[in-house]
Amino acid sequence: MKTKRPVWNELKVRAVMMGHPGSVEVQKFPHALISIYLVLAFTPFVSFLIVNVAAEKEQRLKDTMGMMGLYDSAFWLSWGLLYAALVTTMSILMAVIATCTPLFSNSNFFVIFLLIFLYGISS
C-alpha cells in the first residue's frame, strides 16, 4: 500500500551528542596491571576455602557435628555466609579503588561492585 505523503516528514527525529565519550581505551601499563589485579585478587579466597574444607574433612568435624544434630544445610550455609562476607568486603574495597582512580572513573560504583561481587561468588 502506497501513500502520497512521505513518512519521514512526520517523524520528529533529533540527534544529541552525549557528554562522555562512548569508549575508554586502556593506554597505560598501570591501568592494565590494575585490571589484571582485580581479577586475581580472589585467588586467596579460593585457597582459603579449599584448605579449610580439606582440614575439616580430614578431622571429620562435619561428621562429628552431624552426630550432634547439625544439619548438612546449616554446615554449608555457614561456609557460604563466611565466604560471602569475605567476598563482599573485598568487592567493596576493589570497587572503591576502581571508581576513585582513573581506571573506571566514569562508571557507577554499584555496577562495578555488583560485577566484582558476582565474579567473586562464582569463583
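These numbers were taken from a predicted model, which means no experiment stands behind them.

**Q** Can you walk me through the UniProt feature "transmembrane region" (unreviewed entry) in the chain in this structure?
**A** Sequence positions flagged by UniProt for "transmembrane region" (unreviewed entry) are, in local numbering, residues 34–55, 76–97 and 103–121. Across residues 76–97, the secondary structure splits into 100% helix and 0% strand, with the terminal C-alpha atoms separated by 31 Å. For residues 103–121, the helix share is 68%, the strand share is 0%, and the end-to-end C-alpha distance is 23 Å.

**Q** Any chance you could explain the nonpolar core here in plain terms?
**A** A general feature of soluble globular proteins is that nonpolar side chains tend to end up buried together. If you look at the biggest cluster of nonpolar residues, it comprises 14 residues, and the most contacted ones within it are Phe 42, Met 90 and Met 94. The leading source of residues in this core is helix α4 (residues 72–100), at six residues. Among all residues touching Met 90, those that are not within four sequence positions of it are Tyr 37, Ala 41, Phe 42 and Phe 45.

**Q** I tried to follow the packing of aromatic side chains on my own but got confused; where do I start?
**A** In this description, a pair of aromatic rings is defined by centroid distance and the angle of the planes. Under the criterion given, the structure shown has four aromatic pairs. Between the aromatic rings of Phe 109 and Phe 113, the centroid separation amounts to 6.4 Å while the plane-to-plane angle is 10°, which identifies the pairing as stacked. Taken together, the residues span about one helical turn, with Phe 109 and Phe 113 both in helix α5 (residues 109–122) at a distance of four residues. A residue is classified by how much of its surface remains accessible, and Phe 113, at 16% relative accessible area, is buried. Each member of the aromatic cluster is reached from another via a ring pair, and the members are Phe 109, Phe 110, Phe 113 and Phe 117.

Thresholds, definitions, all that
- Residues numbered from 1 in each chain as written.
- Predicted model: local features only at pLDDT ≥ 70, side-chain atom pairs only at ≥ 80, totals over all residues.
- Heavy atoms only, no water.
- UniProt positions renumbered as here; feature names shortened; annotations may be inferred.
- Helix = DSSP H or I, 4+ residues; strand = E, 2+ residues; numbered from the N terminus.
- Core = buried A, V, L, I, M, F, W, Y, C linked by side-chain atoms within 4.5 Å.
- Buried < 20%, exposed > 50% of the residue type's maximum accessible area, 1.4 Å probe, protein only.
- Contact = heavy atoms within 4.5 Å.
- Phe/Tyr/Trp six-rings, centres within 6.5 Å; stacked < 30°, edge-to-face > 60°.

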